[in-house]
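Structural overview for review
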Amino acid sequence: MRTQVVIIGSGPSGLLLGQLLHNAGIDTIILEQKSKDYVLGRIRAGVLEQGAVALIEEAGAGVRMRHEGLVHDGIEIEFGGERHRIDFKALTGKTVTVYGQTEVTHDLMDVREACGAPTVYEALDVSIHDVESNHPKVRWTKSGQPYEIECDFVAGCDGFHGVSRQTFPADKLHTFERVYPFGWLGVLVDKPPVSDELIYVNHERGFALCSMRSTTRSRYYLQCRLDEHVEEWSDDRFWEELLLRLDSQVAARLQTGPSIEKSIAPLRSFVAEPMRRGRLFLAGDAAHIVPPTGAKGLNLAASDIAYLSRALIGFYKSSSTAGLDSYSQTALARIWKAERFSWWMTQALHTFPESSGFDRKIQKAELEYLFNSRAAQTALAENYVGLPY
Ligand code: FAS
Ligand code: PHB
């Protein structure tokens, strides 16, 4: 078998790349280790930057997003029982769109199926070969049968635990990491959100976030210890703790109900450099991870794919390797700015178990400066709505 680009992973990165390349007449195949339902069952990101919205529309998968997505002009940050609004639209002229990653994935899967481009689900034992040659090969098994395909390029869109990054020899890859001493316990509930916009809460008991997926489905998060297990958190315990972290006005608006999803995610900052080895290119979580505090994970995947799709199209349409040769450096420049912002939001809003009295005073000063400085609010706003591609 042969194709032009093999894409490993059917998450947002792989699907978005596959659609943009297909629309440019470039043949692809997506190899996904899980079933379609499993991929759709994962509850992850919720906030899209304007750049990500534009790219999803460019891929032809934006109809439902435009209809059902909620455009938000700002967020609120709560500290010391007081809420302060950061007005993105007034400060940057830009907005964000609240539309779940699950829906983005569903929409991209639908358009891929409609155009007949191939995706192999439950493709196991994927291995990547000859990436330093002009004709790399990818092997996998499906229902016990071995398969091999030759291609021009391999796109590693297989997330943090994927096989692509493991293909780099240890001496050819530099990784940078910070693991945070807490996790996020997330709950999805079919009840209206407490507010029209997201509320990020810095509370002495721990961080909380009030988010949403629609006007009838809410998403809440609580900072929790890393040694905690989701089984220890009944719905009642979750709602009681959330109420303790919200100010009385918001708490009075909270509509609780049975959780339809509940999970704990660890928080880490991670970057792997470079994002290219020969004809293998990494994109999305395969190359970097951010703590979800800045809502950057999915959005960084989108900007990687914007750069990589344009580079590959440039190669096939104009025989130019310029985009491919600059991909890693260009993507990493934007990635590190998002890593910084996500780290800053995490530092500013969470309770760190080992923090000293000095640390807590600095955190308080950071937030009070933010609440009283248009310049500081503009800096937060331009990072949250997304820096230019
Ligand atoms: P993904 O991990 O989404 O997709 C990779 C795909 O590759 C998966 O389907 C996987 O099954 C497949 N794969 C892996 N190994 C493979 C192999 N060997 N062979 C074949 N296929 C393989 N971001 C936010 O902005 N906000 C959030 O609130 C947020 N919450 C998150 C919660 C959790 C628990 C996690 C893990 C991430 C969260 N993120 C969040 C980040 C998340 O949205 C990612 O940024 C986004 O999924 C990145 O998309 P992909 O790069 O496509 O990686
Ligand atoms: C979400 O709705 O899942 C969400 C929103 C904003 C974040 C993180 C998660 O910063």
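Read on for an overview of the structure. (Residues numbered from 1 in each chain as written. Chains lettered and ligands numbered in written order. Predicted model: local features only at pLDDT ≥ 70, side-chain atom pairs only at ≥ 80, totals over all residues. Heavy atoms only, no water.)

**Structural notes on the overall build of the protein**
Looking only at helices and strands, the protein features 12 helices and 20 strands. Relative to the compact-globule value of 21 Å for 389 residues, the protein shows a C-alpha radius of gyration of 21 Å, a close match. With respect to the principal axes defined by its C-alpha atoms, the protein has extents near 60 × 40 × 40 Å. Per-residue burial over the protein gives 54% buried out of 389 residues. (Helix = DSSP H or I, 4+ residues; strand = E, 2+ residues; numbered from the N terminus. Rg over C-alpha atoms; globule rule 2.2 N^0.38 Å. Buried < 20%, exposed > 50% of the residue type's maximum accessible area, 1.4 Å probe, protein only.)

**Focus on the site of ligand 2**
Taken together, 14 residues form the shell around ligand 2, and within it Y200, S211, R213, Y221 and P292 come nearest. Between ligand 2 and T293, the relevant distance is 3.3 Å, taken from an oxygen atom to a main-chain nitrogen or oxygen of the residue. The protein chains hide 97% of the 280 Å² of surface that ligand 2 would expose on its own. Contributing elements (two or more residues each) for the shell around ligand 2: strand 15 (208–212) and strand 16 (218–224). The class makeup of the residues in the shell around ligand 2 is 8 nonpolar, 3 polar and 3 charged. (Near = heavy atom within 4 Å. Polar contact = N/O pair within 3.5 Å; in protein donor to acceptor, adjacent residues only side chain to side chain. Areas by Shrake-Rupley, 256 points an atom, 1.4 Å probe, with all protein chains shown as cover. Nonpolar A, V, L, I, M, F, W, Y, C, P; charged D, E, K, R; others polar.)

**As for the packing of helix 11 (residues 357–372) against helix 12 (residues 374–384)**
Between helix 11 and helix 12, the least distance of the axes is 5 Å, while the angle of their chain directions is 100°. Considered as vectors, helix 11 and helix 12 are oriented roughly perpendicular to each other. Two secondary-structure elements touch here, helix 11 through Y369, L370, F371 and N372 and helix 12 through R374, A376, Q377 and L380. Class assignment for the residues of the contact of helix 11 with helix 12 results in 5 nonpolar, 2 polar and 1 charged. (Axes fitted to C-alpha atoms, helices over the stretch in contact; angles between N-to-C directions. Parallel < 35°, antiparallel > 145°, perpendicular 65-115°, else oblique. Contact = heavy atoms within 4.5 Å.)

**Regarding the packing of aromatic side chains**
The tally for this structure, following the rule as stated, stands at 19 aromatic pairs. Judged by centre distance (4.9 Å) and plane angle (90°), the ring pair of F153 and F315 falls under edge-to-face. In this pair, F153 sits in strand 12 (residues 153–156) while F315 sits in helix 9 (residues 297–318), placing the two residues 162 residues apart along the sequence. Overall, F153 belongs to the buried group, its relative accessible area being 1%. (Phe/Tyr/Trp six-rings, centres within 6.5 Å; stacked < 30°, edge-to-face > 60°.)

**A look at helix 11**
If you check helix 11, its first and last C-alpha atoms are 23 Å apart, about what 16 residues at 1.5 Å a residue would give, namely 22 Å. Turning to helix 11, its buried residues number three or more, namely Q363, L367, L370 and F371. Viewed end-on, helix 11 has its buried residues packed into an arc of 100°, placing them on one side of the element. Along helix 11, exposed side chains directed more than 90 degrees from the buried face belong to F358, K361 and N372. Where the residues of helix 11 are buried, they touch strand 5 (74–79), strand 6 (82–87), strand 14 (199–202), helix 10 (322–349) and helix 12. (Expected span 1.5 Å × (residues − 1). Arc of directions from axis to C-beta.)

**So, the site of ligand 1**
Ligand 1 sits among 29 residues. The nearest are S13, E32, R42, R44 and Q101. Within the contact set of ligand 1, an oxygen atom lies 2.7 Å away from a side-chain nitrogen or oxygen of E32. For ligand 1, an oxygen atom lies 3.0 Å from a polar atom in the side chain of D285. Relative to its unbound accessible area of 990 Å², ligand 1 is 85% covered by the protein chains.

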